[in-house]
Amino acid sequence: MVVPPKALSLDDAVAALQARGRFGVRLGLGRIRALLHELGSPESGLRGALIGGTNGKGSVQAMVGAVLLAGGRSVGQTPKPHLVDYRERIVVDGRLLAPADFAAALQAAIAADERVSRATAPATEFEILTAAAFLAFASAAVDVAVVEVGLGGRLDATNAWDGGVAAITNVALDHVEHLGPTEAAIGREKAAIIKRGDLAVTGAAGDGLVAIRRRARRLGVALHEVALPAVLGMDRGGLTVALPDLGAVRVGLLGRHQAGNAAVALATLDALRRAGIADATADEIRQGLGGARWPGRLELLALDDDGRVRPAMLDAPVPGRPDVLLDGAHNPAGMAAFVAALDELRDHLSPGRPTLLLGLMGDKDVDGILGPLVASAALSGARIITTQVDAARALPADDLAVAWRSRWSREGQSGSTVTAAGLEDALGAAIMAAREADGPLIVVGSLYLIGAVRGRLVTEDHEPTGRR
């Protein structure tokens, strides 16, 4: 008699997953394909969209998922990375998996990997999560999967799946140590998510677009190149854009760059329709785009009296409850988009002196990321606090402060104060400064920083597990 293994608790399952972190980033499809085969190929019956790109892929998957949910469809999504709780990485019908279900999916994936790893080498943390997501989607019999690529595309674990639609938001320099030093090279890596028989969508331009066109042409895939729509208005609650065949549409995400993401999302939905996977009415599109949310990405909150944050009032800031703006801009292109949005939003935010809490990874283009921030009109005269998150690659707070001052000097800026502190002290000082000035607290940089701050300040309806 074979005794089934004891079910792992959520904490034990997450601990077993985190132990895979020692394998780091190891791109390649051999391990994930063997793992999925051992699990019975749960991905094989799933149809949907695989979404890649340097920036914006999370926003696009959030919008596409929101529209499909508005139409009453069962949807599986893979937002990444998680900010506070590992369960954020597998979402079914807009909700995190129950703790027992998430633990069971991880346990099954880890057990399957232990059976096949002698031939393939152990799977990484991301590969286990990818396999667990497909297992959960198959178990829930979702109608549509909306899957976000992790890193690059060609050798990313998600590329073991072909859902019928491939979308690439854009191509810019990031992760050059893995993907190559040029936009052309990175474009080739991202274009590889397009497979023969797919319908493809992109909002890319320049050398990245050239690579995507070449891939689509070689495979005989129809490629929809998305034009940037006009932005008709923007305020604290989002923006209004002019979308093809729909006219003025409200998007519930902040930042002018979300217009391009909304256009990619709309084209992705059209591709899902043409592929016979899912259709969405105009009313469902309006409802979904207007209600889309993407935590930690230009997320507007307000500091409450109890020291926690809650969604901000969308008509105007409340005196005495400073706005808190969170954004995980962690590469130069992402930071440029964030600063453009911040400068446009500044008149809609708490009026007092702004406070910036900043933390970055040391292996990023720190000077390139700081350039837009230092030049931001919205941050003129701001109090700058640099910090270091608890992560192996984090840039020390003092080094970041030095880098800020160096870039600040070269740009000829003045009027700000720059200090460095550990995360707890830095966050406490930033909150105090925002309260005293009744000005916005802006937290930007690494998603590790956004997750750490969000985990301390945001009241959620679940207990955080596997906090970063």
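As a reminder, the structure under discussion sits directly above these lines.
The rules behind these values
- Residues numbered from 1 in each chain as written.
- Predicted model: local features only at pLDDT ≥ 70, side-chain atom pairs only at ≥ 80, totals over all residues.
- Heavy atoms only, no water.
- Helix = DSSP H or I, 4+ residues; strand = E, 2+ residues; numbered from the N terminus.
- Rg over C-alpha atoms; globule rule 2.2 N^0.38 Å.
- Buried < 20%, exposed > 50% of the residue type's maximum accessible area, 1.4 Å probe, protein only.
- Contact = heavy atoms within 4.5 Å.
- Areas by Shrake-Rupley, 256 points an atom, 1.4 Å probe, with all protein chains shown as cover.
- Lys, Arg positive; Asp, Glu negative; His and termini not counted.
- Charge placed at Lys NZ, Arg CZ, Asp CG, Glu CD.
- Expected span 1.5 Å × (residues − 1).
- Arc of directions from axis to C-beta.
- Salt bridge = Lys/Arg side-chain N within 4 Å of Asp/Glu carboxyl O.
- Core = buried A, V, L, I, M, F, W, Y, C linked by side-chain atoms within 4.5 Å.
- Phe/Tyr/Trp six-rings, centres within 6.5 Å; stacked < 30°, edge-to-face > 60°.
- Lys NZ or Arg CZ within 6 Å of the ring centre and 35° of its normal.
- Axes fitted to C-alpha atoms, helices over the stretch in contact; angles between N-to-C directions.
- Parallel < 35°, antiparallel > 145°, perpendicular 65-115°, else oblique.
- Left-handed = near helix turned anticlockwise from the far one by under 90°.
- Nonpolar A, V, L, I, M, F, W, Y, C, P; charged D, E, K, R; others polar.
- Pairing = 2+ DSSP bridges.

## A short note on the overall build of the protein chain
For the protein chain, the helix and strand inventory stands at 15 helices and 18 strands. In terms of overall size, the protein chain behaves like a compact globule, its C-alpha atoms giving a radius of gyration of 22 Å where 468 residues would be expected to give roughly 23 Å. Burial status across the protein chain gives 57% buried among its 468 residues. For the protein chain, restricting intrachain contacts to residue pairs at least 6 apart in sequence, the fraction spanning at least 24 positions comes to 74%. A total accessible area of about 18400 Å² is found for the protein chain, and carbon and sulfur atoms account for 52% of it. Averaged over its 49 positive side-chain charges, the protein chain has a centre that lies 5 Å from the centre of its 53 negative ones.

## So, helix H13 (residues 397–411)
Helix length check: H13 (15 residues) gives 21 Å between terminal C-alpha atoms against 21 Å at 1.5 Å per residue, within 8%. Taken as a whole, H13 has its buried residues at Ala 397, Leu 400, Ala 401, Trp 404, Arg 407 and Trp 408. Looking straight down H13, one finds its buried side chains confined to an arc of 130 degrees; they lie on one side. In H13, those exposed residues whose orientation departs by more than 90 degrees from the buried face are Asp 398, Val 402, Ser 409 and Arg 410.

## Considering the pattern of salt bridges
The final tally for this structure, using the stated rule, is 21 salt bridges. Close ionic contact of Asp 323 with Arg 236 constitutes a salt bridge, the shortest N to O distance being 2.7 Å. Of this pair, Asp 323 sits in strand E14 (residues 323–327) while Arg 236 is found in the loop between strand E9 (231–235) and strand E10 (238–243), placing the two residues 87 residues apart along the sequence. Both residues of the pair, Asp 323 and Arg 236, count as buried. Residue Arg 310 is joined to Asp 306 by a salt bridge in which the shortest nitrogen-to-oxygen separation is 3.1 Å.

## As for the nonpolar core
Formed by 55 residues in total, the largest nonpolar core has its most connected members in Phe 102 and Phe 137. Those elements that place two or more of their residues in this core are helix H1 (10–19), helix H2 (30–38), helix H4 (99–120), helix H5 (125–140), strand E5 (144–148), strand E6 (164–168), helix H7 (183–191) and helix H8 (206–219). Among the elements that make up this core, the one with the highest residue count is H5 (nine residues). Ignoring any residue separated from it by four or fewer positions in sequence, one finds Phe 137 in contact with Leu 46, Gly 76, Gln 77, Thr 78, Ile 90, Val 91, Val 92, Val 142, Ala 145 and Val 147. Grouped together as the second largest cluster of nonpolar side chains are 42 residues, Val 67, Val 251, Ala 271 and Ala 278 included.

## Some thoughts on the packing of aromatic side chains
How two aromatic rings sit relative to each other is set out by the distance from centre to centre and by the angle between their planes. Within this structure, the stated rule accounts for one aromatic pair. Their ring planes at 45 degrees and their centres at 5.7 Å tell us that Phe 134 and Trp 161 sit as a pair that is tilted. With Phe 134 in helix H5 and Trp 161 in the loop between E5 and E6, this pair connects stretches of sequence that are 27 residues apart. Judged on exposure class, the residue Phe 134 and its partner Trp 161 are both buried. For the cation-ring pair, Arg 297 lies above Trp 294, with the distance from its terminal atom to the ring centre recorded as 4.0 Å.

## With respect to the packing of helix H14 (residues 423–437) against helix H15 (residues 447–457)
Look at H14 against H15: their axes get within 12 Å of each other, and the N-to-C directions meet at 65 degrees. Looking at the two axes, H14 sits roughly perpendicular to H15. For the pair H14 and H15, the sense of crossing is right-handed. Residue-level contacts link Leu 423, Glu 424, Leu 427 and Ile 431 of H14 to Leu 449, Ala 452, Val 453, Arg 456 and Leu 457 of H15. Considered class by class, the residues forming the contact of H14 with H15 number seven nonpolar, no polar and two charged.

## Details of the sheet that holds E9
Ordered by their spatial adjacency, three strands build an open sheet running E9-E10-E11, and the pairing between neighbours is antiparallel. Each having just a single partner strand, E9 and strand E11 (247–251) make up the two edges of the open sheet. The average undirected angle you get between the axes of adjacent strands in this sheet is 20 degrees. In terms of strand pairing, E9 meets E10 through four bridges, oriented antiparallel. Following the sheet pairing, Met 234 is matched in E10 by Leu 239. Contacting E10 and E11, helix H10 (residues 282–291) runs over the sheet at an angle of about 40 degrees to E11.

## Some words on the packing of H4 against H5
As a packed pair, H4 and H5 sit with axes 9 Å apart at the nearest point and diverge in direction by 120 degrees. With respect to each other, H4 and H5 are oriented oblique. The two elements H4 and H5 cross, and the hand of that crossing is right-handed. Contact with H4, carried on its side by Phe 102, Ala 105, Leu 106, Ala 108, Ala 109, Ile 110 and Asp 113, involves Ile 128, Leu 129, Ala 131, Ala 132 and Leu 135 of H5 and no other residues of that element. When its residues are assigned to classes, the contact of H4 with H5 shows eleven nonpolar, no polar and one charged.

## What about the side chain of Arg 454?
Relative to the assigned elements, Arg 454 resides in helix H15. For Arg 454, a relative accessible area of 8% translates into the label buried.

## Considerations on H14
Between its first and last C-alpha atoms H14 spans 21 Å; for 15 residues at 1.5 Å apiece the expected length is 21 Å, and the two agree. Along H14, the positions that sit buried rather than exposed are Leu 423, Ala 426, Leu 427, Ala 430, Ile 431, Ala 433 and Ala 434. For H14, the angular spread of buried residues about the axis comes to 165 degrees, placing them on one side. The exposed set on the far side of H14, more than 90 degrees from its buried face, consists of Glu 424, Asp 425, Met 432 and Glu 436. The elements touched by buried residues of H14 are strand E12 (299–303), strand E15 (355–359), strand E16 (383–386), strand E18 (441–445) and H15. Directly beyond the C-terminal end of H14, a positive phi value near 50 degrees is found at Asp 438.

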